[in-house]
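# Secondary and tertiary structure notes
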Amino acid sequence: MTWLTAVARLRARREPGVLVTVATVRGHAPRDAGAKLVVGQTETWGSIGGGNVEAVAIDRAREMIAVSKPEPELIDFALNDKVTNQHGVQCCGGTVSVLLEPLPVPRAVAIFGVGHIGLELARILARQDLDLHLIDTRSDILTEERLGVLADAVAQVHVHHTPLLPEEVLAELAPGTHILIMTHDHAEDAALCDAALRTAHLGFIGLIGSAAKWVRFRKRLATEGGHDEATIDRIKTPIGMADITGKEPATIAVSVAADLLRGFETEGN
């Protein structure tokens with residue numbers, strides 16, 4: 001398996017990892033500069049030459065995986081019998097620098113409702129390194145032609161057409177996925193809010209709409225849904241930056257995206 005395939009596999013599994021690269025070589029060494037090793041929580045793919053260099057790199061990579069915000073590191077090795085090593089002697093005679101680059105699990109965002117605002121929001125979020133889920137009950141909203149504006153996305157875009165029960169998608173989403181609810185139907189929004197509150201593994205839950213809409217929803221979630229006040233407070237509404245007041249879909253989308261990305265920054269600190 002190539003290192004690119006290994007990185008893609010980790011991403012598909014939503015598992016963190018570390019890409020290890022032989023950055024520089026002076027003199028004799030087991031592998032040339034550019035050799036790569038991918039380290040996951042329990043598996044490795046590729047090789048940077050075996051021996052002490054590889055074993056130390058794997059140990060350090062797994063220490064990096066275990067922390068919340070690892071930074072890239074460069075480790076130097078002298079390959080001679082005068083050096084005390086953790087995993088045996090390597091006496092090729094040269095020196096090697098190894099770069100360890102964290103491969104974090106990308107954040108995931110699900111937009112329920114890909115109408116005017118939802119599509120504009122998707123266009124913005126598609127420029128981020130995300131797993132981006134687009135969910136709608138209307139097949140004409142999710143055509144390849146309409147979503148063609150996302151063709152150059154940096155994000156991994158996943159499209160879900162759910163003609164009857166869009167809330168069923170919630171169970172399929174990865175833990176920590178952030179939810180934005182903005183469908184064309186208030187009844188659909190209400191059902192999604194209720195289902196999202198019953199789905200413990202989700203991240204942020206945001207609902208688009210007016211204060212009057214939220215008053216109705218909050219009462220319904222308490223009386224019909226049986227949710228207590230603390231649970232209902234998991235839903236943030238309105239969403240977006242309060243000081244961006246424009247009503248054009250693109251303006252609202254910018255506001256919502258900015259608010260979400262600001263939350264990501266806070267979350268990461």
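Scope of this entry: the structure provided in the associated data block. (Residues numbered from 1 in each chain as written. Predicted model: local features only at pLDDT ≥ 70, side-chain atom pairs only at ≥ 80, totals over all residues. Heavy atoms only, no water.)

## Considerations on the overall build of the protein chain
A tally of regular secondary structure across the protein chain gives seven helices and eleven strands. Computed over the C-alpha atoms, the radius of gyration of the protein chain is 24 Å, more than 25% above the 18 Å expected from 2.2 N^0.38 for a compact globule of 269 residues. Each principal axis of the C-alpha atoms in the protein chain carries an extent, and together these give about 75 × 40 × 35 Å. When burial is assessed residue by residue, the protein chain has 41% of its 269 residues classed as buried. In the protein chain, 64% of the contacts between residues at least 6 apart in sequence involve partners at least 24 apart. On the protein chain, roughly 13900 Å² of surface is accessible, and the fraction owed to carbon and sulfur atoms is 53%. (Helix = DSSP H or I, 4+ residues; strand = E, 2+ residues; numbered from the N terminus. Rg over C-alpha atoms; globule rule 2.2 N^0.38 Å. Buried < 20%, exposed > 50% of the residue type's maximum accessible area, 1.4 Å probe, protein only. Contact = heavy atoms within 4.5 Å. Areas by Shrake-Rupley, 256 points an atom, 1.4 Å probe, with all protein chains shown as cover.)

## Structural notes on the sheet that holds strand β3 (residues 44-46)
Spatial strand order, β3-β2-β1-β5-β4: five strands in an open sheet with antiparallel pairing. The outermost strands of the open sheet, each flanked by one partner alone, are β3 and β4 (73-78). Pairs of neighbouring strands in the sheet enclose a mean axial angle of 20 degrees, with direction left out of account. Note: strand β2 (residues 36-39) against β3, three bridges, orientation antiparallel. Residue Val39 lies in a different strand from β3, and its bridge partner there is Thr44. The strands touched by helix α1 (residues 3-13) are β1 (17-26), β2, β3 and β5 (95-103); relative to β2, the strand with the most contacts, the crossing angle is about 15 degrees. (Pairing = 2+ DSSP bridges. Axes fitted to C-alpha atoms, helices over the stretch in contact; angles between N-to-C directions.)

## Details of helix α4 (residues 186-197)
Compared with the 16 Å implied by 1.5 Å per residue over twelve residues, the 17 Å span of α4 between its first and last C-alpha is a close match. Along α4, the residues that are buried comprise Glu188, Asp189, Ala190, Leu192, Cys193, Ala195, Ala196 and Leu197. Contacts from the buried residues of α4 go to β6 (107-112), β9 (178-181), β10 (205-207), α5 (211-223), α6 (229-232) and β11 (235-236). The N-cap residue of α4 is Asp185: its side-chain oxygen and the backbone nitrogen of Ala187 are 2.9 Å apart. (Expected span 1.5 Å × (residues − 1). Polar contact = N/O pair within 3.5 Å; in protein donor to acceptor, adjacent residues only side chain to side chain.)

## Some words on the pattern of salt bridges
Opposite charge on two side chains allows them to pair when their charged atoms are near. For the structure on display, the rule yields 17 salt bridges. Here Asp131 makes a salt bridge to Arg14, at a shortest N to O gap of 2.4 Å. Highlighted residues: Asp131 in strand β7 (residues 130-136) and Arg14 in the loop between α1 and β1, separated in sequence by 117 residues. Judged by relative accessible area, Arg14 falls into the partly exposed class, the value being 22%. The salt bridge involving Arg218 is made with Glu229; its shortest N-O contact spans 2.8 Å. Taken together, the positions of Arg218 in helix α5 and Glu229 in helix α6 put the pair eleven residues apart, joining distant regions of the chain. Judged by its relative accessible area of 22%, Arg218 is partly exposed. For Glu229, a relative accessible area of 46% translates into the label partly exposed. Salt bridges linked by common partners bring Arg11, Arg14, Asp129 and Asp131 together as one network. (Salt bridge = Lys/Arg side-chain N within 4 Å of Asp/Glu carboxyl O.)

## Quick notes on the sheet that holds β10
Strand order across the open sheet formed by six strands is β8-β7-β6-β9-β10-β11, with parallel pairing between neighbours. The two strands at the open ends of the sheet, each matched to only one other strand, are β8 (156-161) and β11. Here β6 runs beside β9; their pairing, made up of four bridges, is parallel. By the bridge assignment, Phe112 is partnered in β9 with Ile181. Here α4 sits on the sheet in contact with β6, β9, β10 and β11, set at roughly 165 degrees to β10.

## What about the nonpolar core?
By size, the foremost hydrophobic cluster in this structure holds 25 residues, and its most contacted members are Val109, Ile111, Leu121, Leu125, Leu132, Leu134 and Leu180. Elements supplying a minimum of two residues to this core: β6, α3 (116-125), β7 and α7 (249-268). Ala195, Leu202, Leu207 and Ile235 belong to the second-largest nonpolar core, a separate cluster that totals 22 residues. (Core = buried A, V, L, I, M, F, W, Y, C linked by side-chain atoms within 4.5 Å.)

## A word on the pairing of β6
For a regular strand, side-chain orientation follows a simple rule: the groups alternate between the two sheet faces. Burial of β6 is extensive: five of the six residues sit out of reach of the surface. The sheet contact formed by β6 and β7 spans six bridges and is parallel. Opposite Ala110, over in β7, you have His133 as the bridge partner. For the crossover from β6 across α3 to β7, the handedness is right-handed. (Right-handed = clockwise from strand over helix to strand, strands pointing away.)

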